[in-house]
Amino acid sequence: KQEVTQIPAALSVPEGENLVLNCSFTDSAIYNLQWFRQDPGKGLTSLLLIQSSQREQTSGRLNASLDKSSGRSTLYIAASQPGDSATYLCAVKAAGNKLTFGGGTRVLVKP
Amino acid sequence: DAGVIQSPRHEVTEMGQEVTLRCKPISGHNSLFWYRQTMMRGLELLIYFNNNVPIDDSGMPEDRFSAKMPNASFSTLKIQPSEPRDSAVYFCASSEQGPMNTEAFFGQGTRLTVV
């Protein structure tokens, strides 16, 4: 059974500092890994999708890496801003199209 | 496309009543997922469908929960009878099926309160 873990559960940084969010998964036989952002009381917004054959994916200040063999992904957010405060979730998709989520990391960027 | 559409956005009901949540996936997507989110348990996968067929319902908490997908553009999640512990936000998501470019998109959720 695939298990996805995100550590830490919460993170607080001063504005301008780079953010590093971790995601680990137990079964490396995945199709892809997706990072989401969730604001309080809102739905999930897709940030980045990394295919299993890719090592990284970039979008603006966001960069996500994937090491499938070790079961790890890292989301980097450069030069954090207060507007980056949210919960970030990672999810892996595997055979049968099943999408399994981690518990999320709650981020607070202090002005 | 308007994205994944869920209704209602909010539902307040009394214990014992039947509740039906609705979802319209993105056109062309042939996988649909129902999740429940609570503070205590995070996001839990309840059930998912491929091509309108339920593939894995092992996350459905008990027989009071049922889900259907009568066609490619509509799914329902029903709770009968509802209990206070069912209070949560229920999300529907859809994606294309298969290993490539299968980005999942979520609806805005239905906030259910059972009193």
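Residues numbered from 1 in each chain as written. Chains lettered and ligands numbered in written order. Predicted model: local features only at pLDDT ≥ 70, side-chain atom pairs only at ≥ 80, totals over all residues. Heavy atoms only, no water.

1. Thoughts on the sheet that holds strand β3 (residues 19–24) of chain B
All names here are of chain B. If you trace the four strands from one edge of the open sheet to the other, you get β1-β3-β8-β7, paired in antiparallel fashion. At either margin of the open sheet sits one strand with a lone partner, and together these are β1 (5–7) and β7 (65–71). Going across the sheet, the axis of each strand differs from the next one's by a mean of 15°, ignoring polarity. Across five bridges, the pairing between β3 and strand β8 (residues 74–79) is antiparallel. Paired with threonine 20 across the bridge in β8 is lysine 78. (Pairing = 2+ DSSP bridges. Helix = DSSP H or I, 4+ residues; strand = E, 2+ residues; numbered from the N terminus. Axes fitted to C-alpha atoms, helices over the stretch in contact; angles between N-to-C directions.)

2. Some thoughts on the pattern of salt bridges
All names here are of chain B. Applying the stated criterion across every chain yields a total of 11 salt bridges over all chains. Two residues, glutamate 62 and arginine 85, come together in a salt bridge whose shortest N-O distance is 3.2 Å. Pair noted here: glutamate 62 is in the loop between β6 (53–56) and β7 and arginine 85 is in the loop between β8 and β9 (88–95), with a separation of 23 residues, a long-range link. Residue glutamate 62 is classed as partly exposed on the basis of its relative accessible area, which comes to 26%. (Salt bridge = Lys/Arg side-chain N within 4 Å of Asp/Glu carboxyl O. Buried < 20%, exposed > 50% of the residue type's maximum accessible area, 1.4 Å probe, protein only.)

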